[in-house]
Amino acid sequence: MDNKCVAGQDRGNIESRCPAAVDMLKTGIFCCLLDENLTFCWGNTSFFSSIGYAREGFCAKFHDLRQYYAEAPGDFAAIRQAVENGSREIETAIRLPVKNGGFSWAHLYGTIVEDRAAGGRVLRAELVPMDVLAGEKEGLERLYQQKLQYFYFMLDSYEGNVYVSDMETYELLYLNQCACDVLGIPAVKALGRKCYEVIQGRTSPCPFCTNSKLCEEAFYEWEFSNPVLERTFMIKDRVINWEGRRARLELSHDMYSTEYKLAKKDQERDALIRSVPGGLARVDGRDMRTVLWYSGSFLELIGYTKEQFEGELHSQYDYVHPDDIGHVADVMRQSRETGKPTAVESRIVTRAGDVKILMVTYSYVSGEDSWDGVPSYYSVGVDVTAERKEQARQRQALEDACKAAQVANDAKTNFLSSMSHDIRTPMNAIIGMSVIAQANLGSPEKIQDCLNKINVSSRHLLSLINEVLDMSKIESGKIDLLSERVSLPELIEDVMDVFRPLAAGKHQELRINADHVRNETVVTDQNRLRQVLVNLLSNAVKYTPDGGSVGLRIREVPSFAKGRGQYEFIVTDNGIGMSEAFIPHIFDPFSRAEEAKAKQIQGTGLGMAITQNIVRMMNGTIEVRSTLGKGSQFIVAVSFDLCEEKEENDEELSGLPVLVVDDDRIICESAAEILDELGMRSSWVLSGKEAVRRVVAAHEAQDGFFSVILDWKMPEMDGLETLKAIRKNLGRDVPIIIVSAYDYSEIEEEFRQAGADAFITKPLFKSKIAHTFHQFCRSGRSDAAARPAGTATASMVGKRVLLVEDNQINREIAAELLAMHGFLIDPAENGRIAVDKFAASAPGTYDCILMDIQMPVMDGYQAAEAIRALGRGDAATIPILALTANAFATDIGKAHSAGMNDHVAKPIELDRLMETLERWIK
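Let us look at the sheet that holds strand β1 (residues 28-33). In spatial order, the strands read β2-β1-β5-β4-β3; together these five strands make up an open sheet with antiparallel pairing. Edge positions in the sheet fall to β2 (40-43) and β3 (89-97), since each has one partner strand and no second. Direction aside, the axes of adjacent strands within the sheet are offset by 30 degrees on average. Against the sheet, helix α5 (residues 73-83) engages β3, β4 (103-115) and β5 (120-129), with an angle of about 170 degrees to β3.

What follows is about the sheet that holds strand β7 (residues 172-175). Spatially, β7-β6-β10-β9-β8 is the arrangement adopted by the five strands of the open sheet, whose pairing is antiparallel. What marks the edges here is a single partner per strand, and that holds for β7 and β8 (220-226). Strand after strand, the sheet turns through a mean of 25 degrees between neighbouring axes, direction not considered. Sheet analysis places strand β9 (residues 231-242) next to strand β10 (residues 245-254), joined by 10 bridges and oriented antiparallel. When the bridges of β10 are listed, I240 appears paired with A247.

Before going further, it helps to spend a moment on the environment of P129. Checked against the element boundaries, P129 lands in strand β5. It is 6.2 Å that separates the C-alpha atoms of P129 and W105, two residues lying 24 residues apart in sequence. The residues contacting P129, other than those within four sequence positions of it, are W105 and A106.

The terminal C-alpha atoms of helix α16 (residues 488-505) lie 26 Å apart, and with 18 residues this matches the ideal 26 Å at 1.5 Å per residue to within 8%. The axis of α16 is deflected most strongly, by about 30 degrees, at F499, and proline P501 appears within four residues downstream. Those residues of α16 that fall on the buried side of the exposure criterion are L488, P489, L491, I492, E493, V495, M496, F499, R500 and A503. Of the residues trailing α16, H507 is marked for its positive phi of about 55 degrees.

This brings us to unusual backbone geometry. Peptide bonds are, in most cases, trans, and in most cases residues other than glycine have a negative phi. With an omega dihedral of 5 degrees, the bond running from K762 to P763 counts as a cis peptide bond. Looking at where P763 falls in the secondary structure, it is placed in the loop between β27 (758-761) and α24 (766-779). Phi angles above zero are rare outside glycine, and M288 is one such case at about 55 degrees. Tracing the chain through its elements places M288 in the loop between β11 (279-284) and β12 (291-296).

Criteria and cut-off values
- Residues numbered from 1 in each chain as written.
- Predicted model: local features only at pLDDT ≥ 70, side-chain atom pairs only at ≥ 80, totals over all residues.
- Heavy atoms only, no water.
- Pairing = 2+ DSSP bridges.
- Helix = DSSP H or I, 4+ residues; strand = E, 2+ residues; numbered from the N terminus.
- Axes fitted to C-alpha atoms, helices over the stretch in contact; angles between N-to-C directions.
- Contact = heavy atoms within 4.5 Å.
- Expected span 1.5 Å × (residues − 1).
- Bend = angle between axes of the 7 residues up to and from the residue.
- Buried < 20%, exposed > 50% of the residue type's maximum accessible area, 1.4 Å probe, protein only.

Listed below in structure tokens is the structure:
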């Protein structure tokens, strides 16, 4: 049969065949699209019969339900509202217009579904005539009355007390004969009265009424001692529908009933079971798989509800891990064979898939001894998952600690082997060069060469020793940080003094820059910060091939803490880099990359560990990024307390135009920003040719530059060529400052002859630039601008020093070095002699005291305190400088506490010693 419903040419592919199985149903079913007019798709034979139409006639006349309900638009609107309520299931009563006029009533049960064939969502509806429903309702009513009569019968025959009361009015609606006997009144005298009046003799509702705790789904159980009846009741309450009224059903047993006593025993048993820390189960001994009974936290333990356990596992032992079932069965059989309890640790799998570890005990009871004749295994299971995981964690921790100790032991063994080699190498050079020098006493050139090599080797040996001692101090927690006022420009200059010769020896390109550094004076430990930067830069030079590039960038980033500045020190290189596997171990003591070993690069493997520890002690961080064969980047981020800096009057610089010339855009932008902050007008170019063009053009436009800041090393046209070209075009009208990351001492004379006015080393700090420009403004083109700020010029010739040193060789060396610079030396072998000599001298005899610390008779600390305690004017003012191998922060602190002014570490670095003497001797 063709059931296709055709309703015009515009129907397209909306129509579909009515399923054959649906067409055979006796109830009317139809389907329509959920569009605006509910376009009709199909209907079954019973649907068309119920409204008096043939299929073809209906489809020819009605395109959609709106047309079908044209005479009853309200009914169509009701159907539309039903399908638009957001629910997939629809139930409503509707009228069906019939062919010959009038309506038939039906109940519509509909479902909204997606139908790809129809091209969208459709409504599939079943129509049930109202007369059928009426017949069903009569049957249901009869069944309800039968059930209700049975319910009354059950209440009447209940062996305990039964009360039913209205939950709003408290009116007693029913009580059984047992309750009447307990109350001592017939039901006719109790019904209609308040429950609290009849049962408890009260005139108002009970303050402890449990109505608010009741529901229809389960009983609420409680216990109550009734003072009127002088009995204790075990009570169960729940909400029921009693002839259309919301009522409270109460079942109770008093203390004299057997049920009450059994209930109390059940309570005691449940309390005992709850005290067991786990789940209890009785397993059928015949198949060793079926769980006959369970209690305690059994279901919680296995992760199933009662319905899930009985419906999905069919009360079987299948929650036990498949790999453990066989072993568990063997342990259960042991209990049956030995007659004694057994225990096993096994895994179970919860319904959620989690694996737990249980400790389970089994006790076998034979069929003869069992209450129901079924042999059984009674078991108790306790969850020990957390304990086993903790044990596994501790075991793993012990194994890791053992491995770490082994690795550390191997590392230290390797370290000692490496140190033996590294120390013997410079020692061999020192000893060998000494022998060669002694053999060539008549050749000054040969002796000079040997001494130079001895100096280099001894310095390398000293650096090795310092690293080992530093690491020892750090690991023992004895290292301390000093808090002192530090000028970042001076600190960076000190670092570069160490670093530039190393880079120059390998012909490496230097890129040094200060970025947004607005606060140049901070509080930190100057020596330790210098050590961090020197370590990083030395490594960068060491692991970068000849001709490579090494950079240092200092940035001040925004800080939200008042009075503190946040700084980044970024060291980069394009050297050998590190493998991804080694990067996590770069800060481990004694560790060195295989690439470094392969290239035979010397080192202890302690430098980076020391660096990281110092940064951490400064509450900073150090980050490393590296690619093997491409280079590395180290970022040190630290915050410092800021020092208030004296604001210099920059009004004389206001509006002065300055041109910055550098091939590095970042340096140009940074310098221009500093100039703008000084109130000057900045411009910048990236090449020498462009610089010459700009300078000449500005001069011709009568808006010439006040000064030019010119980089020394640039591609194509370098700084010297650019300088000569500017002087050729403009003469000496424009002051030119040469800036460089390199040591300019070797080229200074050549640049001066070409017309350079001043020299500044990179990085460009605001203070350096401002100092130089102020010199230009105040004295024109001044040679003083060529000298870095803060360089000492005072002559030390004729200054008398009391040198206190117990070691004769060290005393001779120090005396000779000081005499070379014009000092007059008065030696003392220990602290006592030094105090006596100073006390016996006339005031002002000595300009300074150099004091060793560790000496016999009286050490340096005691001697300094004794001198300061002398009752003469110069005793309190004479500079006392510690000259000692005790070079740690704690030693410096002790020296200051004893009254010393400064500290110079052994072995003596002459430049450092002279700088310190010039600072303190007036």
